[in-house]
Amino acid sequence: MKKNVCYSIWAIFNDKQRKQLENLKKKINDILKGPYFPIHMTLTGELLGEEKELIKKIKSTLNKLDKFSIEIDNYGYKNAYFQALYIRVIKNTKLVSQKKIIDNAFNCQTNFFYPHISLYYGSKNNSIKKKIISNLPKLKKIIEIRNLCLSCREEKKLKWKTIETFRI
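The notes below deal with the structure included here. (Residues numbered from 1 in each chain as written. Predicted model: local features only at pLDDT ≥ 70, side-chain atom pairs only at ≥ 80, totals over all residues. Heavy atoms only, no water.)

### Re the packing of aromatic side chains
To be explicit about the condition: Stacked, edge-to-face and tilted are the three classes for Phe, Tyr and Trp ring pairs, Trp counted by its six-membered ring, which pair at centre distances within 6.5 Å; planes under 30 degrees apart are stacked, over 60 edge-to-face, the rest tilted. We call a charge positioned over a ring when the NZ of a Lys or the CZ of an Arg lies within 6 Å of the ring centre and within 35 degrees of the ring normal.
A full pass over the atoms with the stated rule returns 9 aromatic pairs. An angle of 85° between the planes, with centres 5.0 Å apart, marks the rings of tyrosine 81 and phenylalanine 82 as edge-to-face. Here the aromatic residues Phe37, Tyr81, Phe82, Tyr121 and Trp160 are joined through ring pairs into a cluster of three or more. Across from the ring centre of phenylalanine 37, 4.5 Å away, lies the NZ or CZ of lysine 25, which sits over that ring. Stacked on the ring of tyrosine 114, the Lys or Arg lysine 78 has its end atom at 3.8 Å from the ring centre.

### Focus: the nonpolar core
For the record, the criterion: By nonpolar core we mean a set of buried residues, namely Ala, Val, Leu, Ile, Met, Phe, Trp, Tyr and Cys, connected to one another through side-chain atoms within 4.5 Å. Buried, partly exposed and exposed residues are distinguished by accessible area as a fraction of the type maximum, computed with a 1.4 Å probe on protein chains only: under 20%, between the cut-offs, and over 50%, respectively. Any pair of residues with heavy atoms lying within 4.5 Å of one another is described as a contacting pair.
Within the largest apolar cluster, 45 residues are counted, with the highest numbers of intra-cluster contacts made by Phe13, Ile28, Met41, Ile70, Ile87, Ile117 and Leu148. Phenylalanine 13 has contacts with Arg18, Leu21, Ile39, His40, Met41, Ile70, Ile117, Ile143, Glu144 and Ile145, leaving out every residue within four places of it along the chain. Ranked by size, the runner-up nonpolar core spans 6 residues in total, among them Trp10, Phe37, Tyr121 and Trp160.

### A short note on helix H1 (residues 15-32)
This is how the line gets drawn: Elements are defined by DSSP. Helices are runs of H or I of four residues or more, strands are runs of E of two residues or more, and each kind is numbered from the N terminus. The span one expects for a helix is its residue count, reduced by one, times 1.5 Å. In the analysis that follows, any N or O atom pair within 3.5 Å is treated as a polar contact, provided that within protein one partner can donate a hydrogen and the other can accept it, and provided that, for residues neighboring in sequence, both atoms belong to side chains.
The end-to-end C-alpha distance of H1, which contains 18 residues, comes to 25 Å, matching closely the 26 Å that a straight helix rising 1.5 Å per residue would cover. Where H1 begins, the side chain of asparagine 14 points an oxygen toward the backbone nitrogen of lysine 16, at a separation of 3.2 Å. Immediately downstream of H1, the backbone of lysine 33 shows phi near 60°, a positive value.

### Regarding unusual backbone geometry
Unlike most non-glycine residues, lysine 33 shows phi in positive territory, near 60°. Residue position: lysine 33 is located in the loop between H1 and strand E2 (41-47). The phi torsion at glutamate 46 lies on the positive side, around 60°, for a residue other than glycine. On the basis of relative accessibility, which here comes to 59%, the residue glutamate 46 falls in the exposed class.

### Looking at the state of the cysteines
Where we set the bar: Cysteine sulfur atoms are paired as a disulfide whenever they come within 2.5 Å of each other.
Taken as a whole, this structure holds 0 disulfides when the rule is applied. Between cysteine 149, a cysteine without a disulfide, and cysteine 152, which holds the nearest cysteine sulfur, the sulfur-to-sulfur distance is 10 Å.

See the structure below:
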């Protein structure tokens, strides 16, 4: 296991949706100047273990998962670095059941799940975030999830890397 590395499983989007979301995120980041990260929705995080073992677990879980869609609510913001400005995702039974399958495969006991698609990481004032949100476009209400990926983040450098992508 690499030191100071945190692994996560992300839901990722088709090319067209990914490009649209990345462009939106870039527009926000050009103003707010946060760190770069790939657009995604975290399903499970804080995974420990060897990469090869994590990949093996994901592959053995894929046959239990279904393609699914997420329903978008609206933009949101918090005073939390990794949830500073984001797109709220409605927590429905299909999304929760997919997450449960993944969590069970990794023996994760997640009591709290707040699905969202981050657009900015940082600690800007809420009034600035509100103003930016007021100028953002309406969102597409349904986003299809066809892929998952294993990613890692170097804790101290705040750098993200996709290890491997998996088709559901």
